[in-house]
There are 2 protein chains.
Amino acid sequence: MYVFGIDIGGTSIKIGCFYEDGALKHQWEIPTRKEKVFQDLSKSILKYLDFQDLRIEDVYGYGIGVPGIMQSGIAKKCVNLGWVDVDIRLEFCKAIGYDARVYVFNDANMAAYGEASLSKEQLDSVVFITLGTGVGGGIILHGEIVEGAYGLGGEIGHMKVDDFYQFQCSCGKTGCLETLASATGIVRLTFHLQNQYPTKLHLVDTLTAKEVMDAAKNEDILAVHVVKEACKALATSLAILSVTINPSLFIIGGGVSNAGEFLLQEIQNQYNEACIPLAKNTKIQLAKLKNNAGIYGACAYLIKKKHEVE
Amino acid sequence: MYVFGIDIGGTSIKIGCFYEDGALKHQWEIPTRKEKVFQDLSKSILKYLDFQDLRIEDVYGYGIGVPGIMQSGIAKKCVNLGWVDVDIRLEFCKAIGYDARVYVFNDANMAAYGEASLSKEQLDSVVFITLGTGVGGGIILHGEIVEGAYGLGGEIGHMKVDDFYQFQCSCGKTGCLETLASATGIVRLTFHLQNQYPTKLHLVDTLTAKEVMDAAKNEDILAVHVVKEACKALATSLAILSVTINPSLFIIGGGVSNAGEFLLQEIQNQYNEACIPLAKNTKIQLAKLKNNAGIYGACAYLIKKKHEVE
């Protein structure tokens, strides 16, 4: 039997075909055409099966990650794709032409499951945070994805952690984690603090979070301060999570996390300051699967469901 | 079969004997003698069984709530009782003289389970917050108590929600929810703001949160402002929880919640301000079981476990 892990993004759709033991057989991408997502996706899968001489009976199921608010398989709101109340499972089954086994979750939740599944004992309580253009995340508790009553499980970017800068967030509120710890937030902070600290950074419109991170590694005073502030906001979030769901592991992913050990060390330092003593031993580590976390998560979730049934 | 719900407190131990369908048969209390908790408790239960002509074979099990940090049945730290790393199940079984079925959780977590169990469909995702001398709580997700990797699940009082007053918390940090929304916090806020708002309150050492609440109901300007600030801090916590675990229901309990609908309305108003639009429909309600939530929760948890096995 094979399982498919699918990660629908705004510009491309990642597809992975996995063996039943979780090993990847093949992986490819197709461009996202907003009007034809399900047709393109199912056509690509059916062609692949044909090419590999496989039948649909050889496929245990499909796991799909969707970039939007998901609730019990329904995409409530999916800005990038213009979807409102779309039944993903139904649309996929219609397109592929049979009543397939399909699990659908928010893409960051799927990615969280993928990262968490790398060490099985930790599936009991893991928080995954992705620091990208925005800040997303996923929470795994009791081995299950926390989707939430309104599909907002793991929307960590909108935790209010700041009363000082009060930057406006895309959600309409101020002080969200995302306004400080995302790539966008890091650049925003850099411009905001430019007159308070000396810097060798070229403060032009095209400034990237990576440039700020690199400058901080080279001890640029402004960049160091920006990274500290971003990590402090993140650490406040982690400390709050440590006294609510109290996970055994935090996993930090997303483009910003490419700064690696340097970033991790600063997050750890700030977390040690922010958390209560009993939460100090919570592990914090960098994501390992990176861009493939979604398809691996979808695969791992299907395999887990298969084991539960057996 | 019968189940026992037990709630160990600093001054008394509540004991409830329940029928298998969850109905209470008898309930009583014994004083807490720190050195003899397990002896006194088991003696009281055995005497009751004897009095009722019941055998230990008639008891399905015991659920115990403990006022401290619990982790997999071990009381890691229990300040009121002076316990450090006490194996509650083991001590109870030794005292009662047989290898009983025992489930142990933090008392607020047990109470959360009790309040959540009142409506079965809501056991999937409920957050219970108790506003007492301190602020405690419990989180129920996927029908299970979230104990946390270090026993800190539901320690909602230590969510950092304030950067403005920065009152010192018992945990060593500043800005914790508990510093503003507990009974102690409400009194502290009243004194802190006394010179900024007119009041008819007698600001003496014995001032209670109830007096502040009552004054607020009578539109005392200082008291109204204090209640607003306390509710704002609480609402910030709820808004954060709504984008992390995203429960379907918040339940507000503890002594402060005796202020009733007046308090609930203010919490609801502040929550509507604080949360993101998609989280607005999350229900907020007052606790119903009050001081008995712990023993009912322990009973409900045992019954659930019994059903899982059957």
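To keep things clear, this report deals only with the structure shown in the data block. Within each chain, residue numbers correspond to sequence positions counted from 1 in written order. Here chains are named by letter from A upward and ligands by number from 1 upward, in the order in which they appear as written. Only residues with pLDDT of 70 or above have their local features reported here, since the model is predicted, and side-chain atom pairs are shown and tallied only from 80 upward, although totals for entire chains, interfaces and linings are computed over all residues. In computing side-chain properties, one takes all heavy atoms of the structure into account and sets aside hydrogens as well as water.

## Things to note about the interface of chain A and chain B
In many reports, interface size means the accessible area that the parts give up when they come together. Selection rule: Residues count as neighbours in contact if any of their non-hydrogen atoms are within 4.5 Å of one another. What counts as buried area is the accessible surface, traced by a 1.4 Å probe, that two parts surrender upon association, with contributions from both included. When a carboxyl oxygen of Asp or Glu is within 4 Å of a side-chain nitrogen of Lys or Arg, the pair counts as a salt bridge. The helix count covers DSSP runs of H or I at least four residues long, the strand count covers runs of E at least two residues long, and both are numbered beginning at the N terminus.
Listed by partner, the interface residues are 44 residues for chain A and 44 residues for chain B. Carbon and sulfur atoms make up 67% of the surface buried where chain A meets chain B, a total of about 3,200 Å² over both sides. Interface area lost by chain A to chain B is led by Tyr150, Leu152 and Leu278 of chain A, which between them contribute 20%. Taken together, the links from chain A to chain B amount to 0 salt bridges. At the level of elements, strand 10 (135–141), strand 11 (144–145), helix 7 (221–242) and helix 8 (261–274) of chain A are the ones that each hand at least two residues to the side of chain A that touches chain B.

## Digging into the packing of helix 5 (residues 183–192) of chain A against helix 6 (residues 209–217) of chain A
All names here are of chain A. In plain terms, the rule: With axes taken as lines fitted to C-alpha atoms, and helix axes fitted only over the stretch in contact, angles between N-to-C directions fall between 0 and 180 degrees. Note: crossing handedness is left-handed where the near helix turns anticlockwise from the far helix by less than a right angle, and right-handed where it turns clockwise. Gly falls in the polar group here, along with every residue not listed as nonpolar (Ala, Val, Leu, Ile, Met, Phe, Trp, Tyr, Cys, Pro) or charged (Asp, Glu, Lys, Arg).
At a minimum axis separation of 8 Å, helix 5 and helix 6 run at an interaxial angle of 65°. Helix 6 is crossed by helix 5, and the crossing has left-handed handedness. Across the interface between the two elements, Ala183, Ile186, Val187 and Thr190 of helix 5 pack against Ala209, Val212 and Met213 of helix 6. Residue classes in the contact of helix 5 with helix 6 are distributed as 6 nonpolar, 1 polar and no charged.

## Concerning the packing of aromatic side chains
The geometry of an aromatic ring pair is captured by the separation of the ring centres together with the interplanar angle, meaning the angle of the planes. All names here are of chain B. Inclusion rule: Pairing of aromatic rings covers Phe, Tyr and Trp, the last counted by its six-membered ring, and requires centre-to-centre distances within 6.5 Å; plane angles under 30 degrees mean stacked, over 60 mean edge-to-face, and any other angle means tilted. The classification of residues rests on relative accessible area computed with a 1.4 Å probe and restricted to protein chains. Under 20% of the type maximum is buried, over 50% is exposed, and intermediate values are partly exposed.
Per the counting criterion, the structure on display carries 26 aromatic pairs over all chains. Ring geometry for Phe38 against Trp83: centres 5.2 Å apart, planes inclined by 15°, an arrangement best described as stacked. Taken as a pair, Phe38 in helix 1 (residues 37–51) and Trp83 in strand 7 (residues 83–87) lie far apart in primary sequence, 45 residues in all. Classification of Phe38 by relative accessible area gives buried; the value is 8%. Measuring from ring centre to ring centre gives 5.0 Å for Phe105 and Tyr301, while their planes differ by 70°; the resulting arrangement is edge-to-face.

## A closer look at the nonpolar core
To keep it simple, the criterion reads: Only buried residues count toward a nonpolar core, which is a set of Ala, Val, Leu, Ile, Met, Phe, Trp, Tyr and Cys residues joined through side-chain atoms within 4.5 Å.
Ile129, Leu131 and Tyr271 of chain A together with Ile129, Leu131 and Tyr271 of chain B are the most contacted members of the largest nonpolar core, which has 118 residues in total. Residues in contact with Ile129 of chain A, not counting those within four places in the same chain, are Val135, Gly136, Gly137, Ile156, Leu234, Leu238, Phe250, Ile251, Ile252 and Gly253 of chain A.

## Thoughts on the state of the cysteines
Residues and elements named next belong to chain B. Going by this rule: Counting rule for disulfides: a pair of cysteine sulfur atoms within 2.5 Å.
Scanning the entire structure with this criterion turns up 0 disulfides over all chains. Cysteine Cys169 remains unbridged, with the sulfur of Cys176 as its closest cysteine sulfur at 3.8 Å. Cys17 provides the cysteine sulfur closest to Cys299, a residue in no disulfide bond, and the two sulfurs are 9.2 Å apart. The class for Cys299 is buried, based on a relative accessible area of 2%.

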